[in-house]
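# Structural overview for review
Chain residues, written in single-letter form:
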Amino acid sequence: MIFCHIPCKEMEGEHVMGRPTTKSDLLDAAAGNYEKMNTLISSLTEKELSKPFDFSGDEKKKEAHWKRDKNLRDIFIHLYEWQQLLLVWVRSNQKGESRPFIPKPYNWKTYGDMNMEFWKKHQDTTLEEAGKLLEASHREVINLAETFSNEELFSKGVYQWVGGSTLGSYFVSVTASHYDWAMKKIKAHRKNCSFDV
């Protein structure tokens, strides 16, 4: 299972490219969605940037992240920390150090607790710092993806430590799909701000 909280399909009437299954599609989707996310962020007003996120009035937004993230910094940090998980996981396993994607004591059933720890850890991180961390992390993930062949990324069974999935699916999840998730949340926040008088 990979990041069940990350959407990979159509959102709010906007067509999102199908989930990449080739190296070139992965790199294009990651770059494209990163650029789209940054364009969206640069269009936010001062009010939209300064007002805390509050989705408590929407009963459809039940997942924990809707309550957890209070601002753009929190989103940046979430994206950054998940990219760090990927970088550490891949590099460790490449060196022969067996390591699960989700670090102990967490697992796929308790990763929400891990996400909360990431959130707590960065409450003193500024928005500017968080943006720089994400920018550097994004570059690192793309650079790492580029070192793998299409087969290494999207054929099952290439790396035993990946399990039943493909390595590329993890790269897609922490980049293109996660940027979609972030844009959905930012757009929902913008919509909430438009209701304020």
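In the block above lies the structure referred to throughout.
Residues numbered from 1 in each chain as written. Predicted model: local features only at pLDDT ≥ 70, side-chain atom pairs only at ≥ 80, totals over all residues. Heavy atoms only, no water.

### Things to note about the environment of Ser98
Convention followed: Each helix corresponds to a stretch of at least 4 residues labelled H or I by DSSP, and each strand to a stretch of at least 2 residues labelled E; elements are numbered beginning at the N terminus. A 1.4 Å probe rolled over the protein chains alone gives each residue an accessible area, and that area as a share of the maximum for its type sets the label: buried under 20%, exposed over 50%, partly exposed in between.
Mapped onto the elements, Ser98 comes out in the loop between helix H4 (72-94) and helix H5 (111-121). Note on Ser98: relative accessible area 75%, which makes it exposed. In sequence terms Ser98 and Leu27 are 71 residues apart; their C-alpha atoms lie 27 Å from each other.

### Observations regarding helix H1 (residues 23-42)
Quick reminder of the rule: Multiply 1.5 Å by the residue count of a helix minus one, and that product is the helix's expected span. By arc we mean the arc of the directions from the helix axis to the C-beta atoms, nothing more. Only heavy atoms enter the contact rule, under which two residues are in contact if any of them lie within 4.5 Å.
With 20 residues, H1 ought to run about 28 Å at 1.5 Å a step, and its terminal C-alpha atoms sit 28 Å apart, in line with that. Three or more residues of H1 are buried, namely Lys23, Leu26, Ala29, Ala30, Asn33, Tyr34, Met37, Leu40 and Ile41. The buried side chains of H1 occupy one side of the element, clustering within an arc of 130 degrees when seen end-on. The exposed set on the far side of H1, more than 90 degrees from its buried face, consists of Asp28, Glu35 and Ser42. Next to the buried residues of H1 lie H4, helix H6 (127-146), helix H7 (150-154), helix H8 (167-174) and helix H9 (176-195).

### What to know about the packing of aromatic side chains
Heads up, the condition is: Between the rings of Phe, Tyr and Trp (Trp by its six-membered ring), a pair exists once the centres lie within 6.5 Å; its type follows the angle of the planes, with under 30 degrees stacked, over 60 edge-to-face, and the other angles tilted. A positively charged side chain is recorded as over a ring if its NZ (Lys) or CZ (Arg) lies within 6 Å of the ring centre. The angle to the ring normal must also be within 35 degrees.
Applying the stated criterion to the full structure yields 15 aromatic pairs. Ring geometry for Tyr34 against Tyr179: centres 5.4 Å apart, planes inclined by 50 degrees, an arrangement best described as tilted. On the criterion of sequence distance, the pair formed by Tyr34 in helix H1 and Tyr179 in helix H9 is long-range, its members being 145 residues apart. With a relative accessible area of 15%, Tyr34 lands in the buried category. Between Trp82 and Phe101, the ring centres sit 6.0 Å apart and the planes meet at 35 degrees, which makes this aromatic pair tilted. A residue pair is termed long-range when its members are at least 10 positions apart, and Trp82 in helix H4 and Phe101 in the loop between H4 and H5 qualify at 19 residues. The pair formed by Trp82 and Phe101 is uniform in burial state, with each residue classed as buried. Site record: aromatic cluster; members linked through ring pairs are Trp82, Trp89, Phe101, Trp108, Tyr111, Phe148, Tyr159, Trp161, Tyr170 and Phe171. A cation sits over an aromatic face here: Lys185 above Trp66, 5.3 Å from the ring centre.

### Here we look at the pattern of salt bridges
Oppositely charged side chains are able to pair whenever their charged atoms sit close together. The test is simple: A pair is scored as a salt bridge if a Lys or Arg side-chain nitrogen falls within 4 Å of a carboxyl oxygen belonging to Asp or Glu.
Scanning all chains against the criterion turns up ten salt bridges. Between Lys185 and Asp69 there is a salt bridge, and its shortest N-O distance comes to 2.7 Å. Note that Lys185 is positioned in helix H9 and Asp69 in the loop between helix H3 (64-68) and H4, a separation of 116 residues in sequence. Taken individually, Lys185 and Asp69 each receive the classification buried, so the pair is uniform in this respect. Measuring nitrogen to oxygen at the nearest pair gives 3.5 Å for the salt bridge that ties Lys120 to Glu117. You can see Lys120 and its partner Glu117 sitting in helix H5, three residues apart, about one turn around the helix. Salt bridges sharing common partners tie together Arg68, Asp69 and Lys185.

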